[in-house]
Amino acid sequence: MNSSSTLRPSPPADESTGTALREIPLPPYVTAEDAQFAVRAVVVHAPRRWSGGTVCRNDASPHPCRLHRWGTRVLALRGLRDAEIAALIERGDPAAPVPTPPDARRGPFLTPGV
Ligand SMILES: [Zn+2]
């Protein structure tokens, strides 16, 4: 008979309405500089467990905060997998080198090994 057992986190109101106005615009083309900035964003705005849930350790907004979402999306556009993004966050180094996506490794400046 404990009503607290029915409590569940309510989704943020802005997830369904007005999201477009609140999201930070993504760059049309993700450069290496954008990707490096995105790494810094996701690392600096990493999740932190708090007594009511998980918050951004930088600005205490509910995690993921706007900048963290932006960084994740930029890195995804850059070709990183979720696991690679998670590894960067876990590493916690804002200056960590951005993993090179497989497509970029097959550049015109690389000669085939054989
Ligand atoms: Zn944040």
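Residue positions within a chain follow its written sequence, with the count starting from 1. Where totals are concerned, whole chains, interfaces and linings use all residues; where local detail is concerned, this predicted model gives features only for residues with pLDDT of at least 70, and gives and counts side-chain atom pairs only at 80 or more.

In this section: the overall build of the protein. In DSSP terms, a helix is any run of H or I states spanning at least four residues, a strand is any run of E spanning at least two, and both are numbered starting from the N terminus. A tally of helices and strands in the protein yields 5 helices and 2 strands. Taken from N to C terminus, the helices and strands of the protein fall in the order α-α-β-β-α-α-α. Considering the protein as a whole, with its 114 residues, one finds that 18% of them fall into the buried category. In the protein, once contacts between residues fewer than 6 apart in sequence are set aside, the share between residues at least 24 apart is 59%. To sort residues by exposure, count the other C-beta atoms lying within 10 Å of each residue's C-beta; 20 or more gives buried, 12 or fewer gives exposed, and values between give partly exposed, all with C-beta atoms placed from the backbone. This entry defines residue contacts through backbone-placed C-beta atoms, with two residues in contact when those atoms are within 7 Å.

Attention now moves to the nonpolar core. Ranked by size, the top nonpolar core spans 14 residues in total, and within it Ala35, Ala38, Val39, Val42, Val74 and Leu75 carry the most contacts. Secondary-structure elements contributing two or more residues to this core are α2 (32-44), α3 (66-77) and α4 (82-91). Counting residues per element, this core draws most heavily on α2, which supplies 6 residues. Ignoring anything within four residues of it in the chain, the contact list for Val39 reads Leu88, Pro94, Ala96 and Val98. Connectivity within a nonpolar core runs through C-beta atoms within 7 Å, and the core itself is a set of buried Ala, Val, Leu, Ile, Met, Phe, Trp, Tyr and Cys residues.

The next subject is the environment of Trp70. Mapped onto the secondary structure, Trp70 falls in helix α3. Exposure remark for Trp70: the 21 C-beta atoms within 10 Å place this residue in the buried category. Placed 29 residues apart in sequence, Trp70 and Ala41 show a C-alpha to C-alpha distance of 7.9 Å.

For two strands to pair, DSSP has to find at least two bridges joining them. The pairing of strand β1 (residues 47-50) with strand β2 (residues 53-56) spans 4 bridges and is antiparallel. Residue pairing for β2: Arg48 is matched across the bridge by Val55. Connecting β1 to the antiparallel partner β2 that follows it, the hairpin turn spans 2 residues.

On to the confidence of the model for the protein, then. Looking at the protein, pLDDT values average 82 and 70% of them are 70 or higher. Per-residue confidence from the predictor is reported as pLDDT, which spans 0 to 100. Note on residues 13-20: pLDDT under 50 across the span, and 2 contacts to partners over four residues away in sequence or across chains.

The next subject is unusual backbone geometry. The step from His63 to Pro64 runs through a cis peptide bond, and the omega angle for that step is 0 degrees. Its location among the elements puts Pro64 in the loop between β2 and α3. The backbone phi angle of Ala60 is positive, close to 65 degrees, even though this residue is not glycine. Inspection of the secondary structure assignment puts Ala60 in the loop between β2 and α3. Ala60 gets classed as exposed once you count the C-beta atoms within 10 Å, which come to 11.

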